[in-house]
Number of protein chains: 2
Amino acid sequence: MELRQLRSLVVLSEVHFNVSRTAERLNLVQSAVTQHLKQLEAEVGTALFVRHGKRLIGLSPVGEQVLCHACEVLRQIGNITAVGQDHSNEHQGLLRIGATHTQARYVLPPVIRAFARAYPQVELQIHQGTPAQLADLALRDLVDLAVCTEALGEEVALQTVPCYRWNRALVAPLAHPLLEVCPLTLNALGRYPIITYVFGFTGRSAFSDAFAKAGVKPQIVLSAADTDVIKTYVRSELGVGIIASLAYQPSEDQDLGMRDLSPLFPWEVTKIAYSRDKYLRKYHQHFIDIFKASTQDLITERVLEPALAHA
Amino acid sequence: MELRQLRSLVVLSEVHFNVSRTAERLNLVQSAVTQHLKQLEAEVGTALFVRHGKRLIGLSPVGEQVLCHACEVLRQIGNITAVGQDHSNEHQGLLRIGATHTQARYVLPPVIRAFARAYPQVELQIHQGTPAQLADLALRDLVDLAVCTEALGEEVALQTVPCYRWNRALVAPLAHPLLEVCPLTLNALGRYPIITYVFGFTGRSAFSDAFAKAGVKPQIVLSAADTDVIKTYVRSELGVGIIASLAYQPSEDQDLGMRDLSPLFPWEVTKIAYSRDKYLRKYHQHFIDIFKASTQDLITERVLEPALAHA
DNA sequence: GTTCGTTACGGGCAACGTAACCATT
DNA sequence: AATGGTTACGTTGCCCGTAACGAAC
């Protein structure tokens, strides 16, 4: 058994079992990949693939298991090279971050800036996706670190590091009556059309639960995965927005009023997650530190103070 | 990076960094192993070994980490071949069991007999060791399954399957007064010289705790790792023996009297442990089933009934 | 002096690439 | 047709083994 055979298998599974594409990605010729797969099947002693004639369609049950172990092998091989680079080229490498739109747009910029200053030779990649996709990317080691609020808490194969707490804010056109209502309650919110995040995103389920518990049925006129989209529709007066308060930017959002909603909804915790059997390079760990330090400011400036004001 | 390089590294660490022995084990020549190690160091980019001149003495910190990942790689490679064999030669293979002497001598024989009948083509190996050694063997995948009562409960990298409960029995020459004392207490035991297991073996620490809690200081005249040794010295009247009750064999131990001690000591649980990231072949799992079923009888015949009698 | 590790060199295997041949859409 | 996969065959690279050298105990 050879590593190249496993590489062919793993890449094959990533390109929908197209042998030609697999060969391209590996800088090989198709026939070489065919050989690898053939040899692997011979060594394992069973068919690993489901075939339609000559075309490969998918994996047999045995193939699934083999793939799983093969991924782990390659990850560990990656870890070995990472250990090496960490001791020779400590400041050089690649950092692949997975994040939701909100994180990428409103939380990561200062973190990335600080990190890039500290590690100018580390190439940065930001991959966007839904929380569920991010968990998957982290598990398959297609990103190094996933920044995420939901959906990865229960995945045991992921190590999660809690980083900061946040809560929601109401945004509405400046003259909107909800900006003045006192006290502001879930009931009051329920009387206006609301624009907020789609399910699976940014604390949406806790959001809905809060309304359900209060016996209020909110009028969600629009859901979006993306705070910018929400703001856009708020500006066109489709409804009031409920967004993560850290996504309100005083400088750019002067035309929108903002009210902290932390008394009404539970706090959310944003974490950084990574695969448990992944070796974190020094700069990976440093990124986490920077992220935590930087978001500490977020908490003090944006979240804790308004929260205290309402307390 | 190639698998053979990692194999050389791992085997090297198993033979105290003797390159020649490594080569023998791998059916290679010394120079080949030297090459592998050299290439690996080159790829990792750092010294992996501590050297005294040309001799290899140990691993550098980086080497330790690399070794760790390399072991994992090889284990997963092993899992892949295991998956394959499980689907082609389901009934052929190797079963390496780690056990303490007591398990190997008194518990395993009927299990092994049943297993060997079911899988005549599976080669069996029994490795003996202390519980701590067994845990280590299982972690390093030098045994498939470790049968053990202690010392592996807290190791998170081991999966443990509880199998049966047992407790202790007093064994003494037939005329010994302790066989008649009623009620039998820890205090009474404390008045006679005792022979039992050494620390780290077969529930010895719970044994000592029981005495300590009762404020009794037992007179341990001899400790042994091995029930047979204990019985031998009991026969030569050096003291009374306290052994796992399942190690008393009515047919062969007619010259010794036996009294159940389960009211005096806590129950122990014997488990089967294996490395979490190990693929268990069908017959591995079947062995666990047979073990549990077979020891179920032990409980009914030897443990539960006397326990009820005393209840 | 013996055991052990490194280096140099040559032969043999096998991995890859080219190319011609099938299969599927 | 065109895209995708398999098989056959030749060449190159490199992996191992032999052997001579150098260290360490």
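Residues numbered from 1 in each chain as written. Chains lettered and ligands numbered in written order. Predicted model: local features only at pLDDT ≥ 70, side-chain atom pairs only at ≥ 80, totals over all residues. Heavy atoms only, no water.

Details of the overall build of chain A
Test applied: Put simply, DSSP marks the helices as runs of H or I at least four residues long and the strands as runs of E at least two long, and each gets a number from the N terminus on. Throughout this description, buried means an accessible area under 20% of the type-specific maximum (1.4 Å probe, protein chains only), exposed means over 50%, and partly exposed covers the range between. Whether two residues are in contact is decided by their heavy atoms, any of which lying within 4.5 Å being enough.
Tallying secondary structure elements over chain A gives 10 helices and 12 strands in all. Relative to its 311 residues, chain A shows a buried fraction of 51%. By sequence separation, contacts in chain A at least 24 residues apart represent 74% of the contacts at least 6 residues apart.

Some details on the protein's contact with DNA strand D
The condition is simple: Whether a residue is near a molecule or strand depends on its heavy atoms: it is near if one of them lies within 4 Å of it. Polar contacts, as used here, are pairs of N or O atoms within 3.5 Å; protein pairs need one atom able to donate a hydrogen and one able to accept it. Residues neighboring in sequence count only if both atoms are side-chain atoms.
Around DNA strand D, 22 residues are found, and the nearest of them are A:Ser20, A:Lys38, B:Arg4, B:Val29 and B:His36. Counting only atoms of DNA strand D within 4 Å of the protein, the fraction found in sugar and phosphate groups is 79%. Taking B:Val29, its main chain carries an N or O atom lying 3.0 Å from a phosphate oxygen of DNA strand D. The set of elements that each furnish at least two residues to the surface near DNA strand D consists of α2 (19–25) and α3 (30–44) of chain A together with α3 (30–44) of chain B.

Side note on the protein's contact with DNA strand C
Taken together, 22 residues sit near DNA strand C, with A:Val29, A:His36, B:Val19, B:Ser20 and B:Lys38 positioned nearest. Each atom of DNA strand C within 4 Å of the protein was classed as base or backbone; sugar and phosphate made up 78%. Contact between DNA strand C and A:Gln39: a phosphate oxygen at 3.3 Å from a side-chain N or O atom of the residue. B:Lys54 is positioned with one of its backbone polar atoms (N or O) 3.0 Å from a sugar or linking oxygen of DNA strand C. Elements with a contribution of two residues or more to the surface near DNA strand C: α3 of chain A together with α2 (19–25) and α3 of chain B. Among the elements that line the surface near DNA strand C, the one with the most residues is α3(B), at 4 residues.

Some details on helix α8 (residues 204–213) of chain A
Residues and elements named next belong to chain A. Put simply, the rule is: Taking the helix axis as origin, the arc is that swept by the directions to the C-beta atoms.
Within the sequence span of α8, burial applies to Arg204, Ala206, Phe207, Ala210 and Phe211. One side of α8 holds all its buried residues, which, seen down the axis, span an arc of 170°. Residues of α8 that are exposed and angled more than 90 degrees away from the buried face: Ala212 and Lys213. Where the residues of α8 are buried, they touch β7 (168–173), α7 (186–190), β8 (193–197), β9 (219–224), β10 (240–244) and β12 (268–275). Of the residues one or two after α8, glycine 215 is the one with positive phi, at around 70°.

What about the UniProt feature "domain: HTH lysR-type" (unreviewed entry) in chain A?
Under the convention used in this document: UniProt positions are given in the numbering used here, feature names are shortened, and annotations may be inferred rather than shown by experiment.
Using the residue numbers shown here, the UniProt feature "domain: HTH lysR-type" (unreviewed entry) corresponds to residues 1–59 of chain A. Between the C-alpha atoms that bound residues 1–59 of chain A there is a distance of 19 Å. The span itself is 58% helix and 15% strand.

Remarks on helix α6 (residues 131–139) of chain A
All names here are of chain A. Among the residues making up α6, those that are buried are Pro131, Leu134, Ala135, Leu137 and Ala138. Each buried residue of α6 sits inside an arc of 160° when the element is viewed along its axis, so together they form one side. Aspartate 141, located one to two residues past α6, shows a positive phi value of around 60°.

Here we look at the nonpolar core
Applicable threshold: Remark: nonpolar core denotes a set of buried residues (Ala, Val, Leu, Ile, Met, Phe, Trp, Tyr, Cys) joined through side-chain atoms within 4.5 Å.
Within the largest apolar cluster, 56 residues are counted, with the highest numbers of intra-cluster contacts made by A:Leu6, A:Phe49, B:Leu6 and B:Phe49. In contact with B:Phe49, not counting residues within four places along its chain, are B:Leu9, B:Leu12, B:Phe17, B:Leu37, B:Glu41, B:Leu56, B:Gly58, B:Leu59 and B:Ser60.

So, the environment of A:Leu137
Residues and elements named next belong to chain A. If you trace the backbone, leucine 137 turns up in helix α6. Since its relative accessible area comes to 19%, leucine 137 is described here as buried. Spatially, the C-alpha atoms of leucine 137 and serine 275 are 9.4 Å apart, while their sequence positions differ by 138 residues. Setting aside residues no more than four positions away along its own chain, leucine 137 makes contact with His127, Leu142 and Val143.

Details of the layout of surface pockets
Leftover empty space is mapped by rolling, across the atoms, a probe with the size of a water molecule. All names here are of chain B. Worth spelling out the cut-off: A cavity here means a set of 1 Å grid points, computed over protein atoms only, where a 1.4 Å probe fits but cannot escape. A pocket is an open set with protein on both sides within 12 Å along at least 5 of 7 lines, and lining residues have an atom within 4 Å of a point. Grid points are joined across faces, edges and corners, and a volume is the space filled by probe spheres set on the points. Note on residue categories: nonpolar means Ala, Val, Leu, Ile, Met, Phe, Trp, Tyr, Cys or Pro, charged means Asp, Glu, Lys or Arg, and polar means any other residue, Gly included.
Its boundaries defined by the atoms lining it, the second largest pocket holds a volume of some 300 Å³. Along the wall of the second largest pocket there are 13 residues; nearest its centre are Val19, Thr34, Arg51, Lys54 and Leu56. For the lining of the second largest pocket, the secondary structure elements donating two or more residues are α3, β1 (49–52) and β2 (55–59). Examining the composition of the lining of the second largest pocket, we find that 4 residues originate from one element, α3, more than from any other. Considering only residue class, the lining of the second largest pocket consists of 5 nonpolar, 3 polar and 5 charged.

Points about the environment of B:Thr295
All names here are of chain B. The topology assignment puts threonine 295 in helix α10 (residues 282–310). Sequence spacing of threonine 295 and glutamate 154 is 141 residues, and the spatial spacing of their C-alpha atoms is 23 Å. Once you skip the residues sitting within four places of it in the chain, threonine 295 turns out to touch Val107, Cys163 and Tyr164. A distance of 3.1 Å separates a polar side-chain atom of threonine 295 from the backbone oxygen of lysine 292.

Side note on the confidence of the model for chain A
Cut-off, in case you're wondering: The score called pLDDT rates the predictor's confidence residue by residue, from a low of 0 to a high of 100.
On average, residues of chain A score 91 in pLDDT, and 94% of them are at 70 or above. Within the model, pLDDT remains below 50 along residues 300–311 of chain A, and this stretch shows 22 contacts once partners closer than five positions in the same chain are excluded.

Topic: unusual backbone geometry
For the bond from A:Cys182 to A:Pro183, the omega torsion is -5°, close enough to zero to count as cis. Along the chain, A:Pro183 turns up in the loop between β7 and α7. One non-glycine residue, B:Phe17, lies in positive phi territory at about 60°. The exposure class assigned to B:Phe17 is buried, which follows from its relative accessible area of 15%.

Description of the relation of the copies chain A and chain B
Stated formally: We place the copies in one frame by least squares, fitting the C-alpha atoms of every residue whose pLDDT is at least 70 in both.
For the pair chain A and chain B, the relating rotation is 180°, the translation along its axis is 0.1 Å, and the fit reaches an RMSD of 0.1 Å. Classification of the inter-copy transformation places it as that of a two-fold axis. Across chain A, the rotation axis passes nearest the C-alpha of A:Val73, at a separation of 2.4 Å. Residue by residue, 100% of the interface of chain A is reproduced at the interface of chain B, so both copies engage with the same surface.

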